[in-house]
Every structure is written in structure tokens, then in C-alpha cells.
Amino acid sequence: MGFLTLIATLAIAVSSSASGNTVVAALRASVPLPDFQLNPPAPSVKGPSFPIATVQPGHTINLHASPGGRVVTRVGDRTEFGSMRVFWIERVRGAWFGVPAPELPDGRLAWIRDDRFALDVSQTSFWITADVSQQRLELHYGNRLLDRFPVTVGSPSSPTPLGDYSVTDGLVGRGLGPWYGCCVLALSGHQPNLPAGWIGGNRMAIHGTPGSIGGANSHGCLRASDPNMISLFARVPLGAPVFIHA
């Protein structure tokens with residue numbers, strides 16, 4: 001069973017940025033985390049900061065193929081997995097935001113109108129990089145490197161697609177099954193090179209695993225140990241950008 005099919009069937013979703021979420025609090029308590037202030041005063045943050053847009057409760061927005069162009073689809077304030085819908089604003093063109101979205105193919109941005117009645121625009125200094133050739137993932141906060149750990153990457157026949165993505169969902173719970181370990185960070189990207197006979201969906205993710213870590217034998221997702229995944233999950237907000245490179 002694939003990632004998309006399993007999660008959609010179970011419909012278990014939580015926001016990794018919700019401070020009052022008891023599930024996330026339990027994850028944080030399960031392993032030691034670095035002594036780190038999640039929301040320091042803005043002047044203390046040095047380095048890159050990324051704009052994100054959260055769809056306000058009760059609102060729906062159009063995803064356009066280009067600024068002011070054809071409407072591709074219309075989406076609401078929740079993702080298909082039940083998380084708050086948060087976009088990384090990768091580009092700005094006039095009154096339009098270019099955002100990675102799973103509703104469009106990899107490498108293409110959806111364009112949404114800058115409507116502050118429907119969108120809450122804020123900033124995050126969290127960002128993730130993954131080096132496929134080194135089989136390594138890094139968590140950054142501005143200029144600070146917070147964490148670095150090994151990951152399993154896609155096999156030669158189902159390689160992890162390179163590109164710029166964002167975190168769309170944080171998913172936890174025993175109902176996810178043993179394949180995904182403690183938790184999952186779903187990404188906006190897709191895996192176009194799935195093996196023959198694959199019956200699941202094609203969404204990419206960073207997730208835990210009960211198995212060993214390292215090597216190139218996944219179907220495209222990035223697998224981390226549960227302790228490392230819990231640490232990552234507990235800190236990364238929805239909408240955070242993810243840069244996957246070789």
C-alpha cells in the first residue's frame with residue numbers, strides 16, 4: 001500500500017506548527033531535543049527567512065497556471081490529509097504569489113492572488129536541505145545548522161526527484177502502519193518514476209522507518225530514523241521549504 005492511499009484512507013493529520021497539539025508535545029517529550037528557542041525575537045535571526053501564506057479558515061482560493069492566468073483548480077483551507085493549507089511563497093510577481101503545490105507538476109508553480117482577507121502571510125526561518133548523493137538531510141534556522149543526519153534515498157530505478165518543494169502536511173499516529181515509523185512530513189512534490197505494480201500514490205515525503213537507514217533503496221521518499229524524524233517533525237512548520245539536490 002502506498003503513502004497517499006494509506007494516509008488518505010486513514011485521514012489522520014495534524015499540523016506540525018500547532019503549539020497546543022498534544023500529539024506533537026508527546027513526540028517532543030519522547031526524545032531529547034536540543035535546547036533551542038522556537039520563536040526568538042526577530043532581530044536575533046540572521047540568514048534566510050521565507051514567506052509563507054496560510055489559507056484563512058472558511059476561505060477558498062484559486063490556483064492559477066500563471067499570474068492572472070487560467071484557473072487550474074480551487075482549494076480550501078485544509079489539505080486532502082486534513083492539515084492547514086500553508087504555501088511557501090517562492091516567487092512574487094506584482095499582486096501574485098508563486099507557490100509549490102501538489103496540484104501542479106513538479107517544477108511548476110501555482111499562482112495565487114495576494115488577498116489578505118483569504119491569506120495570512122507570515123515568515124519562517126526554518127528550511128531543509130537534502131543531499132541525495134551524500135544521503136544526508138540538514139535542518140536549518142536562518143544561518144544556523146540545527147541538525148544533520150543520514151537518510152535513505154530513492155533507488156537508481158526510482159530516484160528521489162531533485163528540486164524545490166515545501167512541507168504540506170504533518171502526519172502521526174499508530175494507524176499509519178509500521179512502514180512510516182513515527183511520523184511523516186508530506187511534501188508538495190511527486191515521484192514520477194515509481195516501480196511497476198505500485199498501487200499507492202506518487203506524493204513525496206520525509207518519514208520514519210522501522211528499518212535501517214542509509215543507501216539508495218526507497219521508492220523516492222527520504223527515510224530517517226525515528227529519533228531523528230521526531231526531532232525534525234517537532235520543529236518544522238507547515239510551508240517550510242525543502243531543497244533536494246545531488
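Residues numbered from 1 in each chain as written. Predicted model: local features only at pLDDT ≥ 70, side-chain atom pairs only at ≥ 80, totals over all residues. Heavy atoms only, no water.

### Some points on the overall build of the protein
1) Next: Of the regular secondary structure elements, the protein holds three helices and 18 strands.
2) Next: Looking at the protein residue by residue over its 246 residues, the buried ones come to 50%.
3) Next: Taking the contacts inside the protein whose residues are at least 6 apart along the sequence as the reference set, 66% of them involve residues at least 24 apart.
4) Next: Looking at the protein as shown, the accessible area adds up to about 11000 Å², and 53% of this sits on carbon and sulfur atoms. (Helix = DSSP H or I, 4+ residues; strand = E, 2+ residues; numbered from the N terminus. Buried < 20%, exposed > 50% of the residue type's maximum accessible area, 1.4 Å probe, protein only. Contact = heavy atoms within 4.5 Å. Areas by Shrake-Rupley, 256 points an atom, 1.4 Å probe, with all protein chains shown as cover.)

### Some details on the sheet that holds strand β15 (residues 203-207)
Two strands in a sheet stick together by hydrogen bonds in their backbones, pointing the same way (parallel) or opposite ways (antiparallel).
1) Next: Ordered in space as β11-β10-β9-β18-β13-β14-β15-β17, the eight strands form an open sheet in which the pairing is mixed. Single-partner strands in this sheet number two, and they are β11 (144-150) and β17 (222-223).
2) Next: Bridge analysis of strand β10 (residues 136-141) against β11 gives six bridges, and the strand direction is antiparallel. Looking at the pairing, Leu-139 lines up with Asp-147 of β11. (Pairing = 2+ DSSP bridges.)

### Notes on the state of the cysteines
1) Next: Scanning the model with the defined rule gives one disulfide in all.
2) Next: With a sulfur-sulfur separation of 2.4 Å, Cys-182 is cross-linked through a disulfide to Cys-183. Taking the torsion about the S-S bond as the criterion, the Cys-182 to Cys-183 disulfide, at about -40°, is left-handed. Accessibility assignment for this pair places Cys-182 and Cys-183 in one class, buried. (Disulfide = S-S within 2.5 Å.)

### Looking at the packing of aromatic side chains
Pairs of aromatic rings are described using the distance from one ring centre to the other and the angle between the two planes.
1) Next: Counted according to the given criterion, the structure contains seven aromatic pairs.
2) Next: Of the aromatic side chains, those joined through ring pairs into one cluster are Phe-50, Trp-88, Trp-127 and Phe-243. (Phe/Tyr/Trp six-rings, centres within 6.5 Å; stacked < 30°, edge-to-face > 60°.)

### Details of the pattern of salt bridges
1) Next: Across all of its chains, the model carries eight salt bridges by this definition.
2) Next: In this structure, the salt-bridge partner of Glu-103 is Arg-85, at a minimum N-O distance of 3.5 Å. One end of the pair, Glu-103, is in the loop between β6 (96-99) and β7 (110-113); the other, Arg-85, is in the loop between β3 (71-75) and β4 (86-88), and 18 residues separate them in sequence.
3) Next: Since its relative accessible area comes to 31%, Glu-103 is described here as partly exposed.
4) Next: Note that Asp-147 is salt-bridged to Arg-235, the shortest N-O span being 3.2 Å. (Salt bridge = Lys/Arg side-chain N within 4 Å of Asp/Glu carboxyl O.)

### Considering the pairing of strand β2 (residues 61-64)
1) Next: Pairing geometry for β2 and β3, over four bridges, is antiparallel. Pairing of His-64 across the sheet is with Val-71, part of β3.

### A few points about the environment of Pro-241
1) Next: With respect to the secondary-structure elements, Pro-241 resides in strand β18 (residues 241-245).
2) Next: Take Pro-241: its relative accessible area is 0%, and that puts it in the buried class.
3) Next: On a C-alpha basis, the gap between Pro-241 and Ile-128 in space is 6.4 Å, while along the polypeptide they are 113 residues apart.
4) Next: Filtering out sequence-adjacent residues up to four positions away, Pro-241 remains in contact with Phe-50, Trp-88, Phe-126, Trp-127, Ile-128, Tyr-165 and Ser-166.

### A few points about the nonpolar core
1) Next: If you look at the biggest cluster of nonpolar residues, it comprises 33 residues, and the most contacted ones within it are Ile-206, Leu-232 and Ile-244.
2) Next: Going through the elements one at a time, β9 (126-131), β10, β11, β13 (163-172), β14 (183-190), β15, α3 (226-235) and β18 are the ones with two or more residues in this core.
3) Next: Considering every element that reaches this core, the biggest residue donor is α3, with four residues.
4) Next: Beyond its immediate stretch of four places on either side in the chain, Leu-232 contacts Ile-128, Leu-137, Leu-139, Phe-149, Leu-185 and Ile-206.
5) Next: Counting 15 residues, the second-largest nonpolar core is a separate cluster that includes Leu-63, Phe-97, Val-99 and Ile-112. (Core = buried A, V, L, I, M, F, W, Y, C linked by side-chain atoms within 4.5 Å.)

### Structural notes on the confidence of the model for the protein
1) Next: Averaged over the protein, the pLDDT score is 85; the fraction of residues at 70 or greater is 80%.
2) Next: Segment residues 1-21: pLDDT under 50, and 61 contacts once partners within four positions in sequence are set aside and those in other chains are kept.
3) Next: Note on residues 31-41: pLDDT is under 50 here. Beyond four places in sequence and across chains, it has 17 contacts. (pLDDT = per-residue confidence, 0-100.)

### Structural notes on the environment of Gly-181
1) Next: Along the chain, Gly-181 falls in the loop between β13 and β14.
2) Next: Sequence-wise, Gly-181 and Ser-225 are 44 residues apart; in three dimensions their C-alpha atoms are separated by 8.0 Å.
3) Next: Residues in contact with Gly-181, not counting those within four places in the same chain, are Gly-208, Thr-209, Pro-210 and Asp-226.

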